[in-house]
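Residues per chain, in single letters:
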Amino acid sequence: MFAVTVTFTLKPGVREVFLPLMIENAASSLRNEPGCRQFDVCVGDESQTVFLYEVYDDAASFEAHLESAHFKSFDTAVANMIANKTVVLFSEVIR
């Protein structure tokens, strides 16, 4: 199996806008990509840090995910959020 963990630290007050985007992206992976086995989105009540965790069958399934239209739209949205400082920290761990 192949796991991806993404961590976002958000500017205060934008979590309510950002979370639905993350959840829909992860749910779309699960619905539309045969290699995606599970996802989870975690956040504390007061925290501005959000974690996204996705598990794929293998590296090839994950690579296919990176080429999907819904991932590219999510990637663009995150890049825009980083540019306008909505997302103040972004990190990704692939194992």
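What you see is a predicted model, and the numbers here were worked out from it, not measured in a lab. (Residues numbered from 1 in each chain as written. Predicted model: local features only at pLDDT ≥ 70, side-chain atom pairs only at ≥ 80, totals over all residues. Heavy atoms only, no water.)

Trainee: What is the right way to read the overall build of the protein from this model?
Mentor: Helix and strand counts for the protein stand at 3 helices and 4 strands. Each helix and strand of the protein, ordered N terminal to C terminal, gives the series β-α-β-β-α-α-β. Residues counted as buried form 40% of the 95 residues belonging to the protein. Considering only contacts within the protein whose residues lie at least 6 apart along the sequence, 69% involve residues at least 24 apart. Just so you have it, the protein exposes about 5,400 Å², and 58% of that area is on carbon and sulfur atoms. (Helix = DSSP H or I, 4+ residues; strand = E, 2+ residues; numbered from the N terminus. Buried < 20%, exposed > 50% of the residue type's maximum accessible area, 1.4 Å probe, protein only. Contact = heavy atoms within 4.5 Å. Areas by Shrake-Rupley, 256 points an atom, 1.4 Å probe, with all protein chains shown as cover.)

Trainee: Explain the nonpolar core here, please?
Mentor: Soluble globular proteins: nonpolar side chains tend toward being buried together. Residues Phe8, Phe18 and Met22 are the most contacted members of the largest nonpolar core, which totals 19 residues. Secondary structure elements with two or more residues in this core: strand 1 (2-10), helix 1 (15-32), strand 2 (36-43), strand 3 (49-56) and helix 3 (69-83). (Core = buried A, V, L, I, M, F, W, Y, C linked by side-chain atoms within 4.5 Å.)

Trainee: I would appreciate a short explanation of helix 1 in the present structure.
Mentor: Working note: α-helix, 3.6 residues per turn, so residues spaced by three or four point in the same direction. End to end, helix 1 covers 25 Å across 18 residues, agreeing with the expected 26 Å (1.5 Å per residue, within 8%). Within helix 1, burial applies to Arg15, Phe18, Leu19, Met22, Asn25, Ala26, Ala27, Ser28 and Ser29. (Expected span 1.5 Å × (residues − 1).)

Trainee: In this structure, what is going on with the pairing of strand 3? I would like to understand it.
Mentor: Put simply, side chains in a regular strand alternate between the two faces of the sheet. Pairing analysis gives 8 bridges linking strand 1 to strand 3, with the strands arranged antiparallel. By the bridge assignment, Thr9 is partnered in strand 3 with Thr49. Strand direction decides the pairing type here: strand 2 and strand 3, joined by 7 bridges, are antiparallel. Among the inter-strand pairings, Phe39 is bridged to a residue of strand 3, identified as Glu54. (Pairing = 2+ DSSP bridges.)

Trainee: Help me understand the side chain of Glu54 in this model?
Mentor: Here Glu54 shows up in strand 3. Within the structure, the side chain of Glu54 is placed 2.7 Å from the side chain of Tyr56, a separation counted as a polar contact. Not counting the four nearest positions on each side in its chain, Glu54 is found in contact with Phe2, Ala3, Val4, Asn25, Ala26, Ser29, Gln38, Phe39 and His65. (Polar contact = N/O pair within 3.5 Å; in protein donor to acceptor, adjacent residues only side chain to side chain.)

Trainee: I keep staring at helix 2 (residues 59-66) and nothing clicks. Help me out?
Mentor: The set of residues buried in helix 2 consists of Ser61, Phe62 and His65. Taken end-on, helix 2 shows its buried residues confined to a sector of 100°, consistent with a single buried face. For helix 2, the capping residue at the N-terminal end is Asp58, with a side-chain oxygen 3.3 Å from the backbone nitrogen of Ala60. (Arc of directions from axis to C-beta.)

Trainee: What am I meant to see in the environment of Val78 here?
Mentor: Mapped onto the elements, Val78 comes out in helix 3. For Val78, a relative accessible area of 4% gives the class buried. Note: C-alpha distance between Val78 and Phe8 (70 residues apart in sequence) is 9.5 Å.

So far we have only geometry, and geometry alone does not tell us how the molecule works.
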